[in-house]
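Residues per chain are reported as follows:
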Amino acid sequence: MKDTNEAAALVAKAKSRLADDMRQREIGAIIWNIAEAGFHYIPEIKLDDPCGGKPRTVRVTGLYLYKGALYAMEEDAEGFNVRNYYTPGVDVPPVVVTLTPSVAGETLGTPSEEHGYTDEGTPEEWLVVADCYFEAINER
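We now turn to the structure provided with this report.

Rules of the game
- Residues numbered from 1 in each chain as written.
- Predicted model: local features only at pLDDT ≥ 70, side-chain atom pairs only at ≥ 80, totals over all residues.
- Heavy atoms only, no water.
- Buried < 20%, exposed > 50% of the residue type's maximum accessible area, 1.4 Å probe, protein only.
- Helix = DSSP H or I, 4+ residues; strand = E, 2+ residues; numbered from the N terminus.
- Pairing = 2+ DSSP bridges.
- Phe/Tyr/Trp six-rings, centres within 6.5 Å; stacked < 30°, edge-to-face > 60°.
- Salt bridge = Lys/Arg side-chain N within 4 Å of Asp/Glu carboxyl O.

1. A look at the pairing of strand E2 (residues 44-47)
Each regular strand shows side chains that alternate between the opposite faces of the sheet. Side-chain alternation along E2 places Ile45 and Leu47 on a buried face and Glu44 and Lys46 on a face that remains uncovered. By the bridge criterion, 4 bridges tie E2 to strand E3 (residues 56-66) in an arrangement that is antiparallel. Counted as the bridge partner of Ile45 is Val58 from E3.

Set out below in structure tokens:
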């Protein structure tokens, strides 16, 4: 039980620091293209099945700061792809897209009501997500 509590505290601390950094930079959401970004690691989180089925692993393609809570954005969920934020054939495809808090709220909706957001994950998984966040910040 102690290890579980310590792990939860570590995840909460890491997410809090990421959220603080996003607030300081006035970022409500950041979305990255894993294939083009050249990250050192692929950010993935293993999700439990709420119905007790087999867990699944999802790739993380961004972070969404919603009302002070930080959510990872699952790859291939609707709206969580940089392709949604440029005009093909006109604009150069971005590797990273950042949205202001107001635009993120209007565009991405409420995490509890939409598919593709998670706040699950182990400290190790969130460490990789955090690494990718900072690599994405350097890409933009």
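Anyway, onward from the coordinates.
2. Considering the environment of Glu135
Looking at the element boundaries, Glu135 is found in helix H4 (residues 123-139). Under the relative-accessibility criterion, Glu135 is labelled buried at 16%. On a C-alpha basis, the gap between Glu135 and Gly38 in space is 8.9 Å, while along the polypeptide they are 97 residues apart.

3. Section: the pairing of strand E4 (residues 69-74)
Within E4, 5 of the 6 residues are buried, which leaves it mostly tucked inside the rest of the structure. Relative to E4, E3 is paired through 6 bridges, and the arrangement is antiparallel. For Leu65, the partnering residue across the bridge sits in E4 and is Leu70. Two successive antiparallel strands, E3 and E4, enclose a turn made up of 2 residues, where Lys67 displays a positive phi of approximately 50°. When E4 meets strand E6 (residues 117-118), the two strands line up antiparallel, connected through 2 bridges. Looking across to E6, one finds that Ala72 is bridged to Thr118.

4. Looking at the packing of aromatic side chains
The full count for this structure, using the stated rule, is 5 aromatic pairs. Taking the centre distance of 5.7 Å and the plane angle of 50° together, the rings of Tyr64 and Tyr66 count as tilted. The same class applies to Tyr64 and to Tyr66, which are both buried. Where Tyr133 meets Phe134, the ring centres are 4.8 Å apart and the plane angle is 75°; that geometry is what we call edge-to-face. Look at Tyr133 and you get buried, because its relative accessible area is 0%. Using a relative accessible area of 37% as the deciding quantity, one classes Phe134 as partly exposed. The structure contains a cluster of three or more aromatic residues connected by ring pairs, namely Tyr64, Tyr66, Tyr71 and Tyr117.

5. Looking at the pattern of salt bridges
Evaluation of the coordinates by the stated rule reveals 4 salt bridges. Between Asp21 and Arg25 there is a salt bridge, and its shortest N-O distance comes to 2.6 Å. Owing to a relative accessible area of 35%, Arg25 belongs among the partly exposed residues under this scheme. Between Glu44 and Arg59 there is a salt bridge, with the nearest N and O atoms lying 3.9 Å from each other. Of this pair, Glu44 sits in strand E2 while Arg59 sits in strand E3; the two residues are 15 residues apart in sequence, bridging distant segments of the chain. On the basis of relative accessible area, Glu44 is assigned to the partly exposed category, the value being 35%.

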